[in-house]
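Structural features, examined
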Amino acid sequence: MPDSEDVRRIALSLPQTAEKEAWNMPTFRVAGKMFVTVPDDETSFAVRCPRYERSELIAAEPEKFWVPPHEAGTPWVRVRIAALDDLGEMRDILVDSWRQAAPARLLDAFGDGDAEGGPPAR
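Here we summarise the structure given alongside this text. Keep in mind it's a predicted model, so treat the numbers as computed, not measured.

1. Let's talk about the sheet that holds strand β6 (residues 76-80)
Taking strand neighbours across the sheet as the criterion, the six strands line up as β1-β2-β3-β4-β6-β5 in an open arrangement whose pairing is antiparallel. If you trace the sheet from one side to the other, it starts and ends with β1 (17-22) and β5 (65-66), each paired once. Each of β5 and β6 is contacted by helix α2 (residues 51-60), which is oriented at about 20° to β6, the strand it contacts most.

Encoded structure:
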């Protein structure tokens, strides 16, 4: 089953990602923009998600996605790690969030990635 160390490993595998502690939790940033946080209980992680997509996501899979009240006005959604099917699903979610934060020059270099949604092999 995926865990918070998998979040860290996958996030740090994405181009120009750095880990930085903020609010007493690990956060991961690309070109200085945060794209994932791991709250201190390590049972979930938060990723960027356009608000117009968030409602659909939560309605479709409420056991997997939710938004705490203090994040309702932000473009973030929480993901319950235990509800994920596998590492591939975790990677897809993290790559999508990374793409929302990454500058265009990195997106161009990242390309379409492989079949699992990852960066091209180097």
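2. Looking at the pairing of β1
Judged from the six bridges that link them, β1 and strand β2 (residues 25-30) form a sheet pairing that is antiparallel. The residue bridging Ala18 from the neighbouring strand is Arg29, located in β2. Between the end of β1 and the start of β2, which pair antiparallel, lie two residues, with Trp23 showing a positive phi angle near 55°.

3. Observations concerning the nonpolar core
By size, the foremost hydrophobic cluster in this structure holds 26 residues, and its most contacted members are Phe35, Val36 and Phe45. When residues of this core are traced back to their parent elements, those giving at least two are α1 (4-13), β2, β3 (33-37), β4 (44-48), β6, α3 (87-101) and α4 (104-110). Broken down by element, the residue count for this core peaks at six residues, all from α3.

4. Structural notes on α1
Restricting attention to buried positions, one finds in α1 the residues Ser4, Asp6, Val7, Ile10 and Ala11. Down the axis of α1, the sector holding all buried residues measures 150°, keeping them to one side. The inward-facing, buried residues of α1 abut β1, β2, β3, β4 and α3. Put simply, Asp3 is the residue that caps the front of α1, since its side-chain oxygen is 3.0 Å from the backbone nitrogen of Glu5.

Conventions used here
- Residues numbered from 1 in each chain as written.
- Predicted model: local features only at pLDDT ≥ 70, side-chain atom pairs only at ≥ 80, totals over all residues.
- Heavy atoms only, no water.
- Pairing = 2+ DSSP bridges.
- Helix = DSSP H or I, 4+ residues; strand = E, 2+ residues; numbered from the N terminus.
- Contact = heavy atoms within 4.5 Å.
- Axes fitted to C-alpha atoms, helices over the stretch in contact; angles between N-to-C directions.
- Core = buried A, V, L, I, M, F, W, Y, C linked by side-chain atoms within 4.5 Å.
- Buried < 20%, exposed > 50% of the residue type's maximum accessible area, 1.4 Å probe, protein only.
- Arc of directions from axis to C-beta.
- Polar contact = N/O pair within 3.5 Å; in protein donor to acceptor, adjacent residues only side chain to side chain.

Geometry only, nothing functional implied.
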